Amino acid sequence: MDSCDRRIRAYKNGKTFDQCKEIAESMNPDFKKYIETNGRVLWTEILEKVDHDELLYKLTLKFLRRDGYDIGNHKVPEVKKFI
């Protein structure tokens, strides 16, 4: 089992947790533009864009929710603007 501790161990590809946060934060403007033009982005599209990195995926969803987007749920796996 892989165990990650942000203080001493690296996540996928040798990146620290703080580096992963920065990467996820830097990807959000692209997702926001995509949502503006298409109305939504599917969870699977986000997962593909972050190269199936679970930590980046979760952080991206967290930051989109923080920025006022509806991140959906297991029945509606998509991110869109709140109406």
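All figures in this text were calculated on a predicted structure; none of them were measured in a lab.

**Q** What exactly am I supposed to notice about the environment of asparagine 28 here?
**A** Looking at the element boundaries, asparagine 28 is found in helix H1 (residues 17-38). With 32 residues separating them along the chain, asparagine 28 and threonine 60 place their C-alpha atoms 6.7 Å apart.

**Q** Just checking my understanding: could you explain the pairing of strand E3 (residues 78-81) for this structure?
**A** The side chains of a regular strand alternate, first on one face of the sheet and then on the other. Where strand E1 (residues 41-42) and E3 come together, two bridges link them in antiparallel fashion. Bridging from a neighbouring strand, valine 41 pairs with valine 79 of E3. Where strand E2 (residues 69-70) meets E3, two bridges bridge the pair, whose relative direction is antiparallel. Across the sheet, tyrosine 69 pairs through a bridge with lysine 81, a residue of E3.

**Q** Sorry, what's going on with unusual backbone geometry here?
**A** Even without being glycine, aspartate 51 reaches a positive phi, approximately 60°. Among the structural elements, aspartate 51 can be located in the loop between helix H2 (43-49) and helix H3 (54-66). We classify aspartate 51 as exposed; its relative accessible area is 52%.

**Q** Looking at this model, I keep getting lost on H1. Mind explaining?
**A** With 22 residues, H1 should cover 32 Å at 1.5 Å per step; its first-to-last C-alpha distance of 31 Å lies within 8% of that length. Along H1, the sharpest kink reaches roughly 30°, centred on asparagine 28 and followed within four residues by the proline proline 29. Every buried residue of H1 is listed here: Phe17, Cys20, Ala24, Met27, Asn28, Phe31 and Ile35. Those residues of H1 that are buried are in contact with E1, H2, H3, E2 and E3. Positive phi shows up at glycine 39, right after H1, with a value of about 85°.

Calculation rules
- Residues numbered from 1 in each chain as written.
- Predicted model: local features only at pLDDT ≥ 70, side-chain atom pairs only at ≥ 80, totals over all residues.
- Heavy atoms only, no water.
- Helix = DSSP H or I, 4+ residues; strand = E, 2+ residues; numbered from the N terminus.
- Pairing = 2+ DSSP bridges.
- Buried < 20%, exposed > 50% of the residue type's maximum accessible area, 1.4 Å probe, protein only.
- Expected span 1.5 Å × (residues − 1).
- Bend = angle between axes of the 7 residues up to and from the residue.
- Contact = heavy atoms within 4.5 Å.

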